[in-house]
Amino acid sequence: NAGVTQTPKFRVLKTGQSMTLLCAQDMNHEYMYWYRQDPGMGLRLIHYSVGEGTTAKGEVPDGYNVSRLKKQNFLLGLESAAPSQTSVYFCASSYEAGGPGELFFGEGSRLTVL
Amino acid sequence: EDQVTQSPEALRLQEGESSSLNCSYTVSGLRGLFWYRQDPGKGPEFLFTLYSAGEEKEKERLKATLTKKESFLHITAPKPEDSATYLCAVQAWGTSYDKVIFGPGTSLSVIP
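What counts, and at which threshold
Residues numbered from 1 in each chain as written. Chains lettered and ligands numbered in written order. Predicted model: local features only at pLDDT ≥ 70, side-chain atom pairs only at ≥ 80, totals over all residues. Heavy atoms only, no water. Helix = DSSP H or I, 4+ residues; strand = E, 2+ residues; numbered from the N terminus. Rg over C-alpha atoms; globule rule 2.2 N^0.38 Å. Buried < 20%, exposed > 50% of the residue type's maximum accessible area, 1.4 Å probe, protein only. Contact = heavy atoms within 4.5 Å. Areas by Shrake-Rupley, 256 points an atom, 1.4 Å probe, with all protein chains shown as cover. Lys, Arg positive; Asp, Glu negative; His and termini not counted. Charge placed at Lys NZ, Arg CZ, Asp CG, Glu CD. Disulfide = S-S within 2.5 Å. Pairing = 2+ DSSP bridges. Axes fitted to C-alpha atoms, helices over the stretch in contact; angles between N-to-C directions. Salt bridge = Lys/Arg side-chain N within 4 Å of Asp/Glu carboxyl O. Phe/Tyr/Trp six-rings, centres within 6.5 Å; stacked < 30°, edge-to-face > 60°.

1. Topic: the overall build of chain B
On a plain count of helices and strands, chain B comes out with zero helices and 11 strands. Here the C-alpha radius of gyration of chain B, 14 Å, is about what a compact globule of 112 residues would show, namely 13 Å. On the principal axes, the C-alpha backbone points of chain B span a range of 45 × 30 × 20 Å. The buried share among the 112 residues of chain B stands at 45%. Considering only contacts in chain B between residues 6 or more positions apart, those separated by 24 or more positions represent 55%. Surface summary for chain B: the accessible area is close to 5,500 Å², and the carbon and sulfur share equals 48%. Taken together, the 12 basic and 15 acidic charged side chains of chain B have centroids lying 3 Å from each other.

Pasting the structure below:
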């Protein structure tokens, strides 16, 4: 059982370039999330989705877009990368939104913007 | 404002030396408090959920407890494989599900 899979695991971009991070889950979870993790700041929610075709903004959405065309996939896009977006990005999914908060995380995607 | 802090930032223990990690929180009404373990280069892995003051949960050498203002993760006779960053998170009643607030974590090193 793969759980939550993120691709790519590493990426280096130049300022102004665009890219998409892909998250796939095989647990039939309704809810999916994108977080970023920076040293000393904890995980911060970028965007989330409560089901196929839905998306919503989290705590730090600026500079990012997302799409959930299929229930199992959640894409995070950067249209014009900035050095401030250098971070480790985690996708997560959960069975019940607003429930016990048990999130299943992927292994992360490390992005460096030069 | 809802907030989660963790202390210490880093902790170094000898194998077998028991200790506790602290998570202090400020929320309008606690729905749940969660502990996760994160290994280097990996995503967080769920450990426990605590719902009300006085509740305790155990898993192997770990025991999590909860009061109205803080939670402790007690580690009894730790082993090197317990080395990881431990994250605390809280969710408040009356908020949408996106309001799971994570603390910055405590990095634990257990020396053989």
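Read on, since the account is not over.
2. A closer look at the overall build of chain A
Within chain A, the secondary structure is distributed over zero helices and 11 strands. When the helices and strands of chain A are read in sequence order from the N terminus, they spell out β-β-β-β-β-β-β-β-β-β-β. Taken over the C-alpha trace, chain A has a radius of gyration of 13 Å; the compact-globule value for 114 residues is 13 Å, and the two agree within 12%. Principal-axis analysis of the C-alpha atoms gives chain A an extent of 35 × 30 × 25 Å.

3. Remarks on the state of the cysteines
Residues and elements named next belong to chain B. This structure, assessed with the given rule, holds two disulfides over all chains. Residue Cys23 pairs covalently with Cys88 via a disulfide, S to S 1.9 Å. Classification of the bridge connecting Cys23 and Cys88 rests on its S-S torsion, roughly -60°, and on that basis the disulfide is left-handed. Note that Cys23 is positioned in strand 3 (residues 19–26) and Cys88 in strand 9 (residues 84–92), a separation of 65 residues in sequence. Since its relative accessible area comes to 0%, Cys88 is described here as buried.

4. So, the sheet that holds strand 3 of chain B
Residues and elements named next belong to chain B. Ordered in space as 1-3-8-7-6, the five strands form an open sheet in which the pairing is antiparallel. One side of each edge strand has no neighbouring strand; the edge strands of this open sheet are strand 1 (3–7) and strand 6 (56–59). Within the sheet, the average angular offset between the axes of one strand and its neighbour, ignoring direction, is 15°. As paired strands, strand 6 and strand 7 (residues 62–66) are joined by four bridges and run antiparallel to one another. Across the sheet, the residue bridging to Lys59 is Leu62, located in strand 7.

5. Side note on the pattern of salt bridges
Evaluation of the coordinates by the stated rule reveals eight salt bridges over all chains. B:Arg37 serves as the salt-bridge partner of B:Asp39, at 2.9 Å between the closest nitrogen and oxygen. Across the pair B:Glu56 and B:Lys63 runs a salt bridge, and its minimum N-O distance is 3.6 Å. Exposure remark for B:Glu56: the relative accessible area of 46% places this residue in the partly exposed category. Look at the salt bridges and you will find they share partners, linking A:Arg36, A:Asp38 and A:Arg44 into a network.

6. Notes on the packing of aromatic side chains
With the rule as written, the count across this model stands at nine aromatic pairs over all chains. Taken together, a centroid distance of 6.4 Å and an interplanar angle of 35° make the contact between A:Tyr33 and A:Tyr35 tilted. The same class applies to A:Tyr33 and to A:Tyr35, which are both buried. Between the aromatic rings of A:Phe105 and B:Tyr36, the centroid separation amounts to 5.8 Å while the plane-to-plane angle is 90°, which identifies the pairing as edge-to-face.

7. Some remarks on the pairing of strand 3 (residues 19–25) of chain A
All names here are of chain A. Judged by which residues are buried, strand 3 turns out to be one-sided: Met19, Leu21, Cys23 and Gln25 face inward and are buried, whereas Thr20, Leu22 and Ala24, on the alternate face, are not. Judged from the four bridges that link them, strand 1 (residues 4–7) and strand 3 form a sheet pairing that is antiparallel. Along strand 3, the bridge assignment pairs Thr7 with Leu22. For strand 3 and strand 8 (residues 73–78), the ladder comprises six bridges, and the chain directions are antiparallel. Of the residues in strand 8, the one forming a bridge with Ala24 is Asn73.

These figures come from the coordinates and say nothing about function on their own.
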